[in-house]
Number of protein chains: 2
Amino acid sequence: MKFIRVNMTAMEVKVEEVPQKYAGLGGRSLTSMFVADEVKPTCHPLGKNNKIVFAPGLLSGTTAPNSGRISVGAKSPLTGGIKESNAGGSFSQKLARLGIKALVIEGAPKEDKFYVINVNTGGVTIEEAPQEIIGKGNYEAIKTLSGKYGEKAGIAIAGPAGEMKLAAANVSIKDPDGNMRSAGRGGLGAVLGSKKVKAIVVDDTGAPGVPIADQTAFSAAAKRFAKALLDHPVTGQGLPAYGTDILVNILNEAGGLPTQNFRRGRNEWANNIGGETMAATIKERGGKPTHSCHTGCIIRCSQQYVDKAGEYITSGFEYETIWGLGSDACIKDLDEIAYIDRAMDDVGIDSIETAVTIALAMDAGVIPWGDGKAALDLVGQIGKGTPLGRLIGSGAAVTGKVFGMTRVPVVKNQSIPAYDPRAVKGVGLTYATSPMGADHTAGYAVTANILRVGGFIDPLKKDGQVELSRNLQIATAAVDSTGMCLFIAFAILDIADGFNALVDMLNAQYGLSLTADDVTALGKAVLKAERGFNERAGFTKAHDRLPEFFDEEECPPHNTTWDFTEEEIDEVFNF
Amino acid sequence: MKFIRVNMTAMEVKVEEVPQKYAGLGGRSLTSMFVADEVKPTCHPLGKNNKIVFAPGLLSGTTAPNSGRISVGAKSPLTGGIKESNAGGSFSQKLARLGIKALVIEGAPKEDKFYVINVNTGGVTIEEAPQEIIGKGNYEAIKTLSGKYGEKAGIAIAGPAGEMKLAAANVSIKDPDGNMRSAGRGGLGAVLGSKKVKAIVVDDTGAPGVPIADQTAFSAAAKRFAKALLDHPVTGQGLPAYGTDILVNILNEAGGLPTQNFRRGRNEWANNIGGETMAATIKERGGKPTHSCHTGCIIRCSQQYVDKAGEYITSGFEYETIWGLGSDACIKDLDEIAYIDRAMDDVGIDSIETAVTIALAMDAGVIPWGDGKAALDLVGQIGKGTPLGRLIGSGAAVTGKVFGMTRVPVVKNQSIPAYDPRAVKGVGLTYATSPMGADHTAGYAVTANILRVGGFIDPLKKDGQVELSRNLQIATAAVDSTGMCLFIAFAILDIADGFNALVDMLNAQYGLSLTADDVTALGKAVLKAERGFNERAGFTKAHDRLPEFFDEEECPPHNTTWDFTEEEIDEVFNF
């Protein structure tokens, strides 16, 4: 395995042996340990001392189902803390098959010129980016790069938002159809932009592939693992049929669907924008209601959403984005939401952060509530780099500050996503305490709180939530290290053999004999490294708090508040 | 003495006895102890849980020379930490003569309507603000309020920037001529705006005045104190003749005048904008080259700067503002700078924060370097509340973030003022460590570094700077408690009897027998309370750092960098 360092100051590539301390790591465990080791916590996230690292998961590049996630890590321009964000697409599997454990980009060139990092069996080179893709939308830029580097090349790209170093810029990852997935959160696209790296292109033609210590054992375990995914009602039925957008009606029913900038947890138009409506619309129009974001995905929660003429609009059209625009910003039309989602992907901006920020702009009176056309125009302004566009592209915390607002749903400057913490209290603890800032995926307590996966813990009560959030955060840090899609968690929480099969795959691939305890230990070690980085960057327990308005305002229909004491919150990281 | 609480939620005024713990405090010591005691450190600074407190200094309202400063304290919307900002004008003396130790404003009304707090011998009332002053500039609003409440009424007012709750909004204080001084830093005008308090009006007609325990001793001490001020070359000659703008040529000569967003410490046009040119221009045009900002000021560093026709443009036209626009933003014409200064006063925005932010906007390419007309237009946009105007009015840290910049001269989100920390290293330590964020007045090491007041410590070397900054920060916290203008420090640092006379005045007024040690102990206690608040708000040593670019870029002409180690910086608060 190789450890690649691309130094953009010296314009130099070094191919190193994998340092011993990183040998057993992959995905998030590798990116976070690396950032904690090598990035100065007080550095400017857009300066030459930040480093951005791409690491395939431990199982990426193998035939393990759903193992194609790429982890991207750096100090975040949005939160100022450590960040790992992961995405599907074909990038991770290609890097892994080339034997690349991690690709690090450090330094920054003096010249104001963009580059492409070109990775293939011949090595890694830094090339000038084609001038015609600079400032262009991701759809066009990916097409141009695919034309130049091959249709099958994997691509990670910074869109116009990343070029402008906006704090909500994402890293977009090409999927097998030439469309996009996003390592969305925390502004990692801005870090890529600050290094003047427009894109990384990976061609694994002729790559050796991933060695498997015990192929027979691996195949058997992969089969058991696939069975668990297909057997579980969420991953086997709900997600393939309706995508993640199935959650709209579920959360609305539960009273936890934040509406109109978190003023209430339920609205009357949820069904217009929910997964059932989406699936029916796609079918009626001849789109694809189910679709894999990477080879080997058997959950197929993605889709290709099309217009009335059957033309492609967007894919990876997720619940959180639809919630942000459709419920938090009150845009009641799924087509309008789809065009905004496409525009956000095209400009390369996190769709959660941006949707929440659009709702704030509505709350501040910049555009009317629910006005999808005005919201689309705002996203257009991000791409154009107008002052207002740049502001929206800098995220909710900054926008809230500029408009003098007190109701700004962020933790560590990152927007709170689609589950009201007053009505889904377990996930609220995750928002408050995750080293990533508010992030549902960091400890998805919606499982036991709402979906009754992995047991049931009353979402409106405090009992059991601390342990739930803590255990899920630990488990997630480990799962995010495997390259596995987080949705496998549904199956492994409920089906014991699913979890065992996951561990068996790791053991068969690496010739190890890991146990469940080792997995837990890895998760804890990752969280501790992340939290340690944040502490050195200046974070304290005072940052592990939700905005004051959640304490003070009741959330209808349950009329609950956020009522954890500071001591209770601080127990989450007491391990 | 009375302790007034104005509750804007209940629309209720309570007149309380002064709590025993605050009996010996005034000015900054009172505001900071109060904020540390009563404001929840993690509260939203623009929410109802923040409190803003106005406290006259211990000597305010007496005949002590230069004792008319009002301290304003709250949690800062700019820094997120504790804030004390003080100003001249007639407000402090009038509050003190009414026997008011502190006026606290807490809570916030639900209704979107502005109020005036009216203070006189009859009591304190909350009245609806005259509709015609809402959204209007401070010059016009003060005129309207003076017409309504009396020409001699003291006024503290939030301008349009404060109404909009912009993080750099100041609190403007009417001076005896009906013009303005500013409690400029940290966005306290936004806190006033968030309480929906447009202005506080104080009429001390018929007030009892300040009781003096030993009038004879007080008068004798005041006389000695006045002598020290008049004997010292800075306060007796330099400041009255040229105002604070005398520093332009001095700092330029010293190579510490930050130019073009801190790219170098010297420029070729300094003399165009320096105090000598200003004084000559004012004299030639028939303005007032010297002027008191409050009754009893004998330094008279202010002026009335006029246009070619002799018409008033601005006063309190300070070095730091002129530096920010004239050197940092490269606007080479003093008249253009004067009109921008007037516009900033009129909109009610901190002129240091805004000038530094304008230089950033130039650096980001929003307007051309040195373009005074474009800069004036930007200030106009603050008043109009355009997205770009609101952004500029939110200060340098936010603006730098939105434009993806790495060279952003702020500490704790507050702009670094007019002395390059690489060339005036003592003041750099103050910027780094003051609980206020970057603030030259918090420990003005320019004294010994550049002016050779209170000894000499080589500004380009590290030796002795830690002790210098520490001692000055402690002394300043005490001086800021007396109501004294900070410029008395020049005299008391060099003339022993000046300091003794200050202590003697306090003892004669209050019937005490304080010593120099008591003054030091007070300063230390204030700093510890402030730092304690900040720690509870989430600040750590990681926030006591200058931006990275000062470490990495040499500052011509001396080509020095900021080279203190973290351990050395942390020694400043080791007491």
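Residues numbered from 1 in each chain as written. Chains lettered and ligands numbered in written order. Predicted model: local features only at pLDDT ≥ 70, side-chain atom pairs only at ≥ 80, totals over all residues. Heavy atoms only, no water.

## Looking at the relation of the copies chain B and chain A
Here's step 1: When chain B is fitted to chain A, the residual RMSD is 0.0 Å, and the transformation amounts to a turn of 180° plus an axial shift of 0.0 Å. A rotation of that kind, with that shift, is consistent with a two-fold axis. (Least-squares fit on C-alpha atoms with pLDDT ≥ 70 in both.)

## Here we look at the nonpolar core
Here's step 1: Judged by nonpolar contacts, the single largest core of 237 residues is most densely connected at A:Y319, A:I358, A:Y419, B:Y319, B:I358 and B:Y419.
Here's step 2: Setting aside residues no more than four positions away along its own chain, B:I358 makes contact with B:L325, B:A329, B:I367, B:A375, B:L378 and B:V379. (Core = buried A, V, L, I, M, F, W, Y, C linked by side-chain atoms within 4.5 Å. Buried < 20%, exposed > 50% of the residue type's maximum accessible area, 1.4 Å probe, protein only. Contact = heavy atoms within 4.5 Å.)

## Section: the sheet that holds strand β13 (residues 288-291) of chain A
Residues and elements named next belong to chain A.
Here's step 1: Judged by pairing direction, the sheet is antiparallel, and its three strands sit side by side in the order β13-β14-β15 without closing on themselves. Looking at which strands have only one partner, the edges of the open sheet turn out to be β13 and β15 (312-315). Here the strands of the sheet are splayed against their neighbours by 25° on average, with no regard to which way each runs.
Here's step 2: Of the strand pairs in this sheet, β13 and strand β14 (residues 302-306) are connected by two bridges, and their pairing is antiparallel. Paired with K288 across the two strands is Q304, which belongs to β14.
Here's step 3: Helix-sheet contacts for helix α12 (residues 334-347) involve β14 and β15, and the interaxial angle to β15 is about 70°. (Pairing = 2+ DSSP bridges. Helix = DSSP H or I, 4+ residues; strand = E, 2+ residues; numbered from the N terminus. Axes fitted to C-alpha atoms, helices over the stretch in contact; angles between N-to-C directions.)

## Describing the interface of chain B and chain A
Here's step 1: With 37 residues of chain B at the interface, the matching set in chain A holds 37 residues.
Here's step 2: Summed over both partners, the interface of chain B with chain A buries about 2800 Å², with 55% contributed by carbon and sulfur atoms.
Here's step 3: Contact with chain A buries area across many residues of chain B, yet B:K401, B:V402 and B:E548 alone supply 21% of it, more than any other trio.
Here's step 4: Counting every contact that joins chain B to chain A gives two salt bridges.
Here's step 5: For the salt bridge of B:E552 with A:K48, the shortest nitrogen-to-oxygen distance reads 3.6 Å. (Buried area = accessible area lost by both parts, 1.4 Å probe. Salt bridge = Lys/Arg side-chain N within 4 Å of Asp/Glu carboxyl O.)

## Description of helix α8 (residues 247-254) of chain A
Residues and elements named next belong to chain A.
Here's step 1: Turning to α8, its buried residues number three or more, namely L247, V248, L251 and N252. Around the axis of α8, the buried residues are gathered within 130° of arc, so they sit on the same side.
Here's step 2: Structurally, α8 contributes buried residues whose contacts are with α9 (270-273), α11 (319-328) and α18 (446-451).
Here's step 3: Of the residues one or two after α8, G255 is the one with positive phi, at around 75°. (Arc of directions from axis to C-beta.)

## Focus: the pattern of salt bridges
All names here are of chain A.
Here's step 1: By the definition in use, this model includes 72 salt bridges over all chains.
Here's step 2: A salt bridge links E38 to R5, with the shortest nitrogen-to-oxygen separation between them at 2.6 Å. Linking E38 in helix α1 (residues 27-38) with R5 in strand β1 (residues 2-7), this pair joins segments that are 33 residues apart in sequence.
Here's step 3: Note that D231 and K227 form a salt bridge whose closest N and O atoms lie 2.5 Å from each other. Of this pair, D231 and K227 both sit in helix α6 (residues 215-231), four residues apart, which is roughly one turn of that helix.
Here's step 4: Taking relative accessible area as the criterion, D231 reaches 43% and is therefore assigned partly exposed.
Here's step 5: Put simply, R5, E16, E38, K51 and E106 are held in one network by salt bridges that share partners.

## Overview of the packing of α6(A) against helix α7 (residues 233-242) of chain A
All names here are of chain A.
Here's step 1: One way to put it is that α6 packs onto α7 with a least axis distance of 4 Å and a crossing angle of 55°. It follows from the interaxial angle that α6 and α7 lie oblique. On α7, the residues that touch A228, L229, L230 and D231 of α6 are P233, T235 and G236.
Here's step 2: Its residues assigned to classes, the contact of α6 with α7 comprises four nonpolar, two polar and one charged. (Parallel < 35°, antiparallel > 145°, perpendicular 65-115°, else oblique. Nonpolar A, V, L, I, M, F, W, Y, C, P; charged D, E, K, R; others polar.)

## A few points about the pairing of strand β6 (residues 100-106) of chain A
Residues and elements named next belong to chain A.
Here's step 1: With seven of its seven residues buried, β6 lies for the most part within the structure.
Here's step 2: Examined bridge by bridge, β1 and β6 share six bridges and lie parallel to one another. When the sheet's bridge partners are listed, F3 is paired in β6 with A102.
Here's step 3: By the bridge criterion, four bridges tie strand β3 (residues 51-56) to β6 in an arrangement that is antiparallel. Paired with V53 across the strands is V104, a residue of β6.

## Section: the confidence of the model for chain A
Low pLDDT marks regions whose predicted coordinates should not be analysed in detail.
Here's step 1: The predicted model of chain A has a mean per-residue pLDDT of 97, with 100% of residues at 70 or higher.
Here's step 2: Predicted as a complex, the structure gets a pTM of 0.97 and an ipTM equal to 0.96. (pLDDT = per-residue confidence, 0-100.)

## Let's talk about the side chain of B:E106
All names here are of chain B.
Here's step 1: With respect to the helices and strands, the residue E106 is situated in strand β6 (residues 100-106).
Here's step 2: A distance of 3.0 Å separates polar atoms of two side chains, one belonging to E106 and the other to K51.
Here's step 3: Those residues in contact with E106 that lie beyond four places of it in its chain are R5, V6, N7, M8, T9, E38, N50, K51 and K195. (Polar contact = N/O pair within 3.5 Å; in protein donor to acceptor, adjacent residues only side chain to side chain.)

## Quick word on unusual backbone geometry
Here's step 1: Residue A:P557 follows A:P556 across a cis peptide bond; omega there is 5°.
Here's step 2: With respect to the secondary-structure elements, A:P557 resides in the loop between α23 (548-552) and α24 (566-570).
Here's step 3: Notably, B:M11 is not glycine yet its phi reads approximately 55°, a positive angle.
Here's step 4: As for its position among the elements, B:M11 is in the loop between β1 (2-7) and β2 (12-17).

## Points about the sheet that holds strand β13 (residues 288-291) of chain B
All names here are of chain B.
Here's step 1: Here we have three strands laid out as an open sheet, ordered β13-β14-β15, and antiparallel in their pairing. Unpaired on one side and paired on the other, β13 and β15 (312-315) mark the two borders of the sheet. In this sheet, adjacent strand axes meet at a mean angle of 25° when their direction is disregarded.
Here's step 2: Summarising the sheet, strand β14 (residues 302-306) and β15 pair through three bridges and their orientation is antiparallel.

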